Amino acid sequence: MPRDYYEVLGVARSADTNEIKTAFRRLARQHHPDVSREAGAEERFKEINEAYEVLADDEKRARYDRFGHAGVNGGGGGGYGPGMGGFGFEDIFDIFNSAFGDTPGGRRRASNSGRDRRVDVTIDFVEAVFGVEKEIEFSRLERCDVCEGSGASEGSRPATCRTCDGSGELRQVQQTFLGSMVRVNTCPNCGGKGSVISQPCRNCDGSGRRRRKAALNVKIPAGVGEGIQIQVRGDGDAGEQGAPPGNLFVVVHVKDHEFFKRKENDIILDISVNVAQATLGDRISVDTVDGPLELSLPPGTQTGKVFRLRGKGIPRLRSDGSNSGRGDQLVYVQVETPTQLTEHQRELFEQLAETFGREISPQAAGRGFFDKVMDFLGGEN
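This is a predicted model, so every value here is computed, not measured. (Residues numbered from 1 in each chain as written. Predicted model: local features only at pLDDT ≥ 70, side-chain atom pairs only at ≥ 80, totals over all residues. Heavy atoms only, no water.)

1. What to know about the overall build of the protein chain
From N to C terminus, the protein chain includes 11 helices and 17 strands. Taken across its 381 residues, the protein chain has 35% of its residues classed as buried. Total accessible area on the protein chain stands at roughly 23400 Å², and carbon and sulfur atoms take up 46% of it. (Helix = DSSP H or I, 4+ residues; strand = E, 2+ residues; numbered from the N terminus. Buried < 20%, exposed > 50% of the residue type's maximum accessible area, 1.4 Å probe, protein only. Areas by Shrake-Rupley, 256 points an atom, 1.4 Å probe, with all protein chains shown as cover.)

Dropping the structure here:
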């Protein structure tokens, strides 16, 4: 098994980067193959280099401190069958689970940070386009105002846990065929908090927090869509004993509009015009989220014609809450064919039909005006 890297460089486990670098330079000069005449100098020099490569890198050093050689070189060669040093697959899984604190008796240290909270809010279509500020109400854990979050009664304070010396963890080094591995367990005495309370606060039963209703004004940016989440940092549950609070996530829901529809950053609007407007052209008023707008219909407008009103759509929302311009509004035209006419209107349409040089068939003479017009238009239904 490779030697301990700290032992190779002759430094303490608490040595800082400068001490490690100094030790490496001294040993490298002493054992360099071009300088040293000792047997095995080359192997010794390689060992020194390997140790320095790990200990001089903060990330590698952290893995080495926790998992030994297995944390930096994947554990030595060889198979993992039952015949390898007496370890079977179940043994290997037990080793890794113990190292990561995943066994029933080996949980990782519990986090004292506050939990995140979620609140759902519903806004209408126009509010989603232009943004809005909404007051939301929700329940969360807040710091106890009697003990100020300490959890201890007045006149007392939490004491450092003697079992774990305030770390909240108990560490045990295990020697395995993979090298030295560290098993980390949550301290059973303090539950991972690092302190114990002998006289708990009566107002919060020693938790340092109490559940209360909170009200908060949240700014919803322009251009939000259905299901988007807005993070409000620090407005979740309070942390335990001064630990950081959680965050609040506001999930936005947008109501459907009576006639506007959304397609990405564009707004879709369907309008209907009569035969005369479509044939002769007209200037009509069209609704937008900014208010009515006059639209010019050219003569001969057909069903399915699309008019684009630039910049009348939905703001393009960036990840930081700002926006970069707006989309467009697309106006889709539907030409309505009349189904009920006065006698005078029917006579006018029949006269119009004759001006196009199309005779109305005798079979159509006894039918209604709508059927005659369909014959005139080529029998389309």
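Still to come is the rest of the account.
2. Some points on the sheet that holds strand β9 (residues 248-254)
One open sheet holds the three strands; their spatial order is β1-β9-β8, and the pairing between them is mixed. Edge positions in the sheet fall to β1 (117-123) and β8 (229-232), since each has one partner strand and no second. On average, each strand axis in the sheet is inclined to that of its neighbour by 25 degrees, with strand direction left out of account. Note: β8 against β9, four bridges, orientation antiparallel. Bridge pairing in β9 links Q229 to V251. (Pairing = 2+ DSSP bridges. Axes fitted to C-alpha atoms, helices over the stretch in contact; angles between N-to-C directions.)

3. Observations concerning the environment of H32
Following the sequence through the fold, H32 ends up in the loop between α2 (17-31) and α3 (41-55). On a C-alpha basis, the gap between H32 and E42 in space is 6.9 Å, while along the polypeptide they are 10 residues apart.

4. Concerning the pattern of salt bridges
Throughout the structure, instances matching the rule amount to 23 salt bridges. Of the charged contacts in the structure, one is a salt bridge between R140 and E142, with a shortest N-O distance of 3.0 Å. The network of salt bridges with common partners includes R140, E142, D145, R212 and D235. (Salt bridge = Lys/Arg side-chain N within 4 Å of Asp/Glu carboxyl O.)

5. Focus: the sheet that holds strand β10 (residues 261-263)
Spatially, four strands are ordered β10-β11-β17-β14 in an open sheet, and the strand pairing comes out mixed. Two strands bound the open sheet, and with one partner strand each, they are β10 and β14 (306-309). Strand-to-strand twist across the sheet, computed as the mean angle between neighbouring axes with direction ignored, equals 35 degrees.

6. Some remarks on the pairing of strand β13 (residues 293-297)
Pairing geometry for strand β12 (residues 282-286) and β13, over five bridges, is antiparallel. Within β13, the residue paired with V286 across the bridge is L293. Hairpin connection of β12 to β13: six residues between the antiparallel strands, including G291 at a positive phi of 120 degrees.

7. Some remarks on the packing of α3 against helix α4 (residues 58-67)
Relative orientation of the contacting elements α3 and α4 amounts to 100 degrees, with a least axis distance of 6 Å. On the basis of the axis angle, α3 is roughly perpendicular to α4. Taking contact as the criterion, the partners of E53, V54 and L55 in α3 are, on α4, K60, R61 and Y64. Broken down by class, the residue content of the contact of α3 with α4 amounts to three nonpolar, no polar and three charged. (Parallel < 35°, antiparallel > 145°, perpendicular 65-115°, else oblique. Contact = heavy atoms within 4.5 Å. Nonpolar A, V, L, I, M, F, W, Y, C, P; charged D, E, K, R; others polar.)

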